[in-house]
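# Fold and geometry: a report
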Amino acid sequence: MDLQMGMKRTVTRHERFMASLVRNKNVQRTRPVIAGIDQMALLENVEIVRKRIGQRGLCAVLKGDAYGHGIDIVAPEIIRFCSHVAVVDNQEIEAVRRIDENIPLIRLRVGSEGEISDAAKADWRVREMAASFNKIEEIGKIYSHFGQTADIHLSLDAAGLGRNGFSIRDPYSLDALMRTILTIPNTRVASVGCHLPDAGSAVPYHSADPSTRALNGFVATVKWILQIFVDHGLPLPEISSYSSSSSCAFGEHDPVAVLGLPMFDRIGSSLLGLTSSNRHGELGTGQVLHAGTFVCDVTHREHGETVGYEHSYKIEDPEGKDIAILGVGWLTLSRYQQGLGKTTTPAHCMTPSGDIHEFLGRQSMNISTVSARSRDGRDLRPGEFIYLTTDFGPDEYSPTIPRVAKWMGGVQHEFVSTAFGASSSTSRFLF
Ligand SMILES: *Cc1c(COP(=O)(O)O)cnc(C)c1O
């Protein structure tokens, strides 16, 4: 990409964030973490994903409150580009239904009896994931109580995840099972899917690759199952075989296309720009969440004094050092996990003008200590805003979510976005 254009776009986003922060009545400046959800990045990401998946439907996975971005903020922006939405908890189902009464909505986890029953009662028409005969029977009974038919998302454990899916090891017993399942009253199999957990590092079409093998097994099994649908004169289901990273891997020549059924891809993290470090990461997507805080105070410590738990940082400068105090625990954010974050890994945050400030010493749950002087010699002042995570800036130093995830000890990117976006300390806003 044209670097200058990239910089211009970045500057505009900075400016949009800061302008919105000042004007936006939804921003609670009394909260220590301010998280901006970038509308433009979100829409660009959706466009990139849509282009890649071509004819297949786009199922936006918004579980975990849209990975901490806020389902109430993200869903209204993108729902018109989606064929399906997938969530997990009933609160999320309700949030989606408030925005769109009719879009096909999938619970991407086997529900508990209570959850399923509440969803049926509320008439949310959620497609329930099921992976056992007993569960489908239970769902059928619950729905018969309300005089309705439940849509089922039938999950096949093609990749050996051992949780959300029928084992497909033994096709003979599976055949018998399927013939019974398709006759359970008050149920209708609306889609068949599998989940490929290794796909981020997949080598497409390589016969030894676990995702390729899983996908081949899935296609073979679905072919088998389809015959049972035909035998019973039932309408054929939709097919969904991907997670976001796997569809990156298998995108162009689609081995599932041979089935000739409507397909949809379940995309979560790519829509939010969280997959950049995957081998098959969604190229060109941008981080949607940008979180920062206002500097609470700046204090001075002399040469030889220490900063942080266990005297983890010792001041070597003869003149001493100014320490900026942030009202956010960089590592843990949660107010309830005192002492969890212990790392002293070099890490930094960044001002809107791109100045880099190092974290000093071990951080606390709700206070961070950073060098008030930036790498370029500029001094932070109390009240200034500083980004804890953003991909703003053409800068190789911007504290992106993948980078922060590494500093936090190699956690998942979704953990970082949730910690910053959905903490009780956070005020979120769309900009
Ligand atoms: C979370 C999830 C997805 C989406 O995964 P991302 O990597 O966030 O895109 C897809 N399918 C299933 C079954 C999931 O649980």
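Attention in this report is confined to the structure presented alongside it. Predicted model only: the values in this text are computed from it and were never measured.

## Looking at the site of the ligand
- Contacts to the ligand come from Val61, Lys63, Tyr67, Leu108, His195, Ser244, Arg266, Ile267, Gly268 and Ser269.
- Here an oxygen atom of the ligand sits 2.5 Å away from a polar atom, N or O, in the side chain of Lys63.
- At 2.8 Å from an oxygen atom of the ligand is found a main-chain nitrogen or oxygen belonging to Ser269.
- Surface burial for the ligand is 87%, taken as the share of its 390 Å² of free accessible area covered by protein chains.
- Within the residue set of the shell around the ligand, elements represented by two or more residues are α3 (63-67) and β10 (264-267).
- When grouped by side-chain class, the residues that make up the shell around the ligand number 4 nonpolar, 4 polar and 2 charged.

## A few points about the packing of aromatic side chains
- By the definition in use, this model includes 9 aromatic pairs.
- Ring geometry for Phe429 against Phe431: centres 6.1 Å apart, planes inclined by 45 degrees, an arrangement best described as tilted.
- What links up through ring pairs into an aromatic cluster is the set Phe17, Phe294, Phe385, Tyr387, Phe392, Phe429 and Phe431.

## Here's the deal with the pairing of strand β8 (residues 187-193)
- Here β8 lies mainly inside the structure; 6 of its 7 residues are buried.
- With 6 bridges connecting them, strand β6 (residues 150-157) and β8 associate as parallel partners. Bridged to His153 within β8 is Ser191.
- Pairing geometry for β8 and strand β9 (residues 238-240), over 3 bridges, is parallel.

## Some remarks on the pattern of salt bridges
- Going through the model one piece at a time under the given rule, you end up with 21 salt bridges.
- Here Glu47 makes a salt bridge to Lys51, at a shortest N to O gap of 3.9 Å. Here the residue Glu47 and the residue Lys51 both occupy positions in helix α2 (residues 39-53), the gap between them amounting to 4 residues, near one helical turn.
- Residue classification places Lys51 among the exposed positions, given a relative accessible area of 66%.
- Note that Asp175 is salt-bridged to Arg179, the shortest N-O span being 3.2 Å. Separated by 4 residues within a single helix, Asp175 and Arg179 lie in helix α8 (residues 171-181), roughly one turn from each other.
- Via salt bridges that share partners, Arg13, Arg16, Asp38 and Glu44 belong to a single interconnected network.

## Re the environment of Leu360
- The topology assignment puts Leu360 in the loop between β16 (356-358) and β17 (368-371).
- When the C-alpha positions of Leu360 and His348 are compared, they lie 9.0 Å apart, and in sequence the two are 12 residues distant.
- Among all residues touching Leu360, those that are not within four sequence positions of it are Val307, Tyr313, Lys321, Ile323, Thr369, Val370 and Ser371.

Conventions we followed
- Residues numbered from 1 in each chain as written.
- Predicted model: local features only at pLDDT ≥ 70, side-chain atom pairs only at ≥ 80, totals over all residues.
- Heavy atoms only, no water.
- Near = heavy atom within 4 Å.
- Polar contact = N/O pair within 3.5 Å; in protein donor to acceptor, adjacent residues only side chain to side chain.
- Areas by Shrake-Rupley, 256 points an atom, 1.4 Å probe, with all protein chains shown as cover.
- Helix = DSSP H or I, 4+ residues; strand = E, 2+ residues; numbered from the N terminus.
- Nonpolar A, V, L, I, M, F, W, Y, C, P; charged D, E, K, R; others polar.
- Phe/Tyr/Trp six-rings, centres within 6.5 Å; stacked < 30°, edge-to-face > 60°.
- Buried < 20%, exposed > 50% of the residue type's maximum accessible area, 1.4 Å probe, protein only.
- Pairing = 2+ DSSP bridges.
- Salt bridge = Lys/Arg side-chain N within 4 Å of Asp/Glu carboxyl O.
- Contact = heavy atoms within 4.5 Å.

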